[in-house]
Amino acid sequence: MILNETIIEAYEKGLKAQSYSYSPYSNFKVGAALKVKGHDEIFVGCNVENASYGATICAERNAVWSSVAKLGKQELEFLIVITNTADPSIPCALCLQVLSEFNDGDLPIYLANQDGVKNLVYLNELLPRPFSSIPKEREVKNE
Ligand SMILES: [Zn+2]
């Protein structure tokens with residue numbers, strides 16, 4: 001896979017955000033970088049854990065919130081997720097659902113670690129049925 005300059009720039013920014021990860025409980029350090037369609041700015045996030053684990057926020061949602069705070073709701077163009085693991089990770093199900101609110105499903109998600117971008121997946125591969133999308137083809141007819 002050949003990465004363009006925008007992806008490489010976003011990876012570098014996401015890597016810096018990952019260095020700010022506050023993850024004393026899991027030591028799972030995650031950075032995220034995203035771009036929205038029609039704007040050049042790269043938005044980043046890192047995971048921020050909390051002593052009450054439920055208050056923890058993922059890097060991916062942190063980056064989405066940041067873009068919404070600056071530009072309002074926009075269509076996402078791509079996302080990069082950077083983890084401190086040998087094999088990169090995909091976003092969790094909560095983040096996939098949030099991402100589906102800001103993209104129709106063809107969102108490229110680049111999976112990366114400290115060594116660089118390692119893989120590319122698409123949102124609709126990871127979350128084929130977002131919340132509230134009901135499969136009509138298997139609708140049950142009540143008589
Ligand atoms: Zn998540």
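Residues numbered from 1 in each chain as written. Predicted model: local features only at pLDDT ≥ 70, side-chain atom pairs only at ≥ 80, totals over all residues. Heavy atoms only, no water.

With that settled, the discussion passes to the pattern of salt bridges. Opposite charge on two side chains makes pairing possible when the charged atoms of those side chains draw close. For the structure on display, the rule yields six salt bridges. For K141, the salt bridge goes to E139, with nearest N and O atoms at 3.4 Å. The exposure class of E139 is partly exposed, given its relative accessible area of 46%. (Salt bridge = Lys/Arg side-chain N within 4 Å of Asp/Glu carboxyl O. Buried < 20%, exposed > 50% of the residue type's maximum accessible area, 1.4 Å probe, protein only.)

Before going further, it helps to spend a moment on the pairing of strand β1 (residues 30–36). Most of β1 sits out of view: seven of its seven residues are buried. Burial along β1 is two-sided: V30, A32, L34 and V36 and G31, A33 and K35, pointing in opposite directions, are all buried. Sheet topology places β1 next to strand β3 (residues 76–83); seven bridges connect them, and they run antiparallel. Note on β3: the bridge partner recorded for A33 is I80. In this sheet, strand β2 (residues 42–46) lies alongside β1 in antiparallel orientation, the contact comprising five bridges. (Helix = DSSP H or I, 4+ residues; strand = E, 2+ residues; numbered from the N terminus. Pairing = 2+ DSSP bridges.)

A separate point is the coordination of the zinc ion. Around the zinc ion, the protein contributes the donor atoms C58 (SG), C92 (SG) and C95 (SG), at 2.3 to 2.4 Å from the metal centre. One chain supplies every donor for the zinc ion, spaced along it as C-x33-C-x2-C. Residue C58 is found in the loop between β2 and α2 (59–71), and its partner C92 is found in the loop between β3 and α3 (93–100); the two are separated by 34 residues along the sequence. (Donors = N, O, S within 2.8 Å, 3.2 Å for Na, K, Ca; no water.)

Tracing the backbone shows C46 in strand β2. Expressed as a C-alpha distance, the spacing of C46 and T83, which sit 37 residues apart in the sequence, is 10.0 Å. Among residues more than four places away in sequence, those in contact with C46 are A17, Y20, S21, V30, G31, I57, C58, A59 and N62. (Contact = heavy atoms within 4.5 Å.)

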